[in-house]
Amino acid sequence: THLSLTAGMFRVVVEEDVHSLTGLTEVTTGGDTISPTAVNHLLTTHPHMIVRTTYGPTETTLCASQQPWTHTHRPNGQAPQSNTDTQAPVQGPDRPVPPGGTTAPVKAPDGQIQQGETAHPAQAPVHRPAGPIPLGKAMHHTGLLLLDHHLQPVPPGVQGELYITGTGLARGYTHQPALTATHFTPNP
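My aim in this report is to walk through the structure given alongside it, one point at a time. The shown structure was predicted, so the numbers you read here are calculated from the model rather than taken from an experiment.

1. Re the overall build of the chain
Regarding its fold elements, the chain presents 3 helices and 9 strands. Reading the chain from its N end, one meets helices and strands in the order β-α-β-α-β-β-β-β-β-β-α-β. Taking all 188 residues of the chain together, the buried fraction comes to 42%. A sequence separation of at least 24 residues applies to 62% of the contacts in the chain between residues at least 6 apart. Only carbon and sulfur atoms are counted for the fraction: they give 58% of the accessible area of the chain, which is about 9,700 Å².

2. Section: the nonpolar core
One finds Phe-10, Val-14, Leu-21, Val-39, Leu-42 and Val-51 to be the most contacted residues of the largest nonpolar core, which totals 18 residues. Those elements giving two or more residues to this core turn out to be helix H1 (7-17) and helix H2 (36-45). Tyr-55, Ala-64, Leu-135 and Leu-144 belong to the second largest nonpolar core, which has 7 residues in total.

3. A word on the pairing of strand E1 (residues 2-6)
Sheet analysis places E1 next to strand E2 (residues 26-30), joined by 5 bridges and oriented parallel. Bridge pairing in E2 links Leu-5 to Thr-29. For the segment spanning E1, H1 and E2, crossover handedness is right-handed.

4. A word on the packing of H1 against H2
Running from N to C, H1 and H2 point in directions that differ by 45 degrees, and their axes come no closer than 9 Å. Compared by their axis directions, H1 and H2 come out oblique. Relative to H2, H1 is oriented so that their crossing is left-handed. Between H1 and H2, the residues in contact are Phe-10, Arg-11 and Val-14 and Ala-38, Val-39, His-41 and Leu-42, respectively. Of the residues contributing to the contact of H1 with H2, the split by class is 5 nonpolar, 1 polar and 1 charged.

Definitions and cut-offs
- Residues numbered from 1 in each chain as written.
- Predicted model: local features only at pLDDT ≥ 70, side-chain atom pairs only at ≥ 80, totals over all residues.
- Heavy atoms only, no water.
- Helix = DSSP H or I, 4+ residues; strand = E, 2+ residues; numbered from the N terminus.
- Buried < 20%, exposed > 50% of the residue type's maximum accessible area, 1.4 Å probe, protein only.
- Contact = heavy atoms within 4.5 Å.
- Areas by Shrake-Rupley, 256 points an atom, 1.4 Å probe, with all protein chains shown as cover.
- Core = buried A, V, L, I, M, F, W, Y, C linked by side-chain atoms within 4.5 Å.
- Pairing = 2+ DSSP bridges.
- Right-handed = clockwise from strand over helix to strand, strands pointing away.
- Axes fitted to C-alpha atoms, helices over the stretch in contact; angles between N-to-C directions.
- Parallel < 35°, antiparallel > 145°, perpendicular 65-115°, else oblique.
- Left-handed = near helix turned anticlockwise from the far one by under 90°.
- Nonpolar A, V, L, I, M, F, W, Y, C, P; charged D, E, K, R; others polar.

Note that all results are geometric; they support no functional claim without further evidence.
As structure tokens, then:
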């Protein structure tokens, strides 16, 4: 059994009555900055459960990326191991961007983009740092690109703008070509 909650509701439910989630196999949360404390509390209380954190702007309908967390793979960095066999490849400077389509620049909920795993999978750390939950891996048929103002990939550790590409991305805003032109760019 699965449950999907906004990040704020997830935090409140876990803080107020973590046992109300007994019997679930997975909880999905996103839509804002996700509390690592709430994720860890839920996984400590229900070690069999998966907490799947998601990210995606309106232009991707719902989710562009996701990251599953389990009792042994947590955001606090104590005993994490990435579970990459269930995730789609990430687009980045070391992987080609699929031809065609468009990209749309977006900002992470807190205005920051977690470096490493999302844009540069070759340099992804094995252990998670304490602190903010990373955006995670790209969903199937979705590309995540971290680009500079010239639409070129930025090196690891350099701040850039997150661009999303793929079949889940909208083609533009209905009957608003000027707005579409400012928010959607050709796939670099």
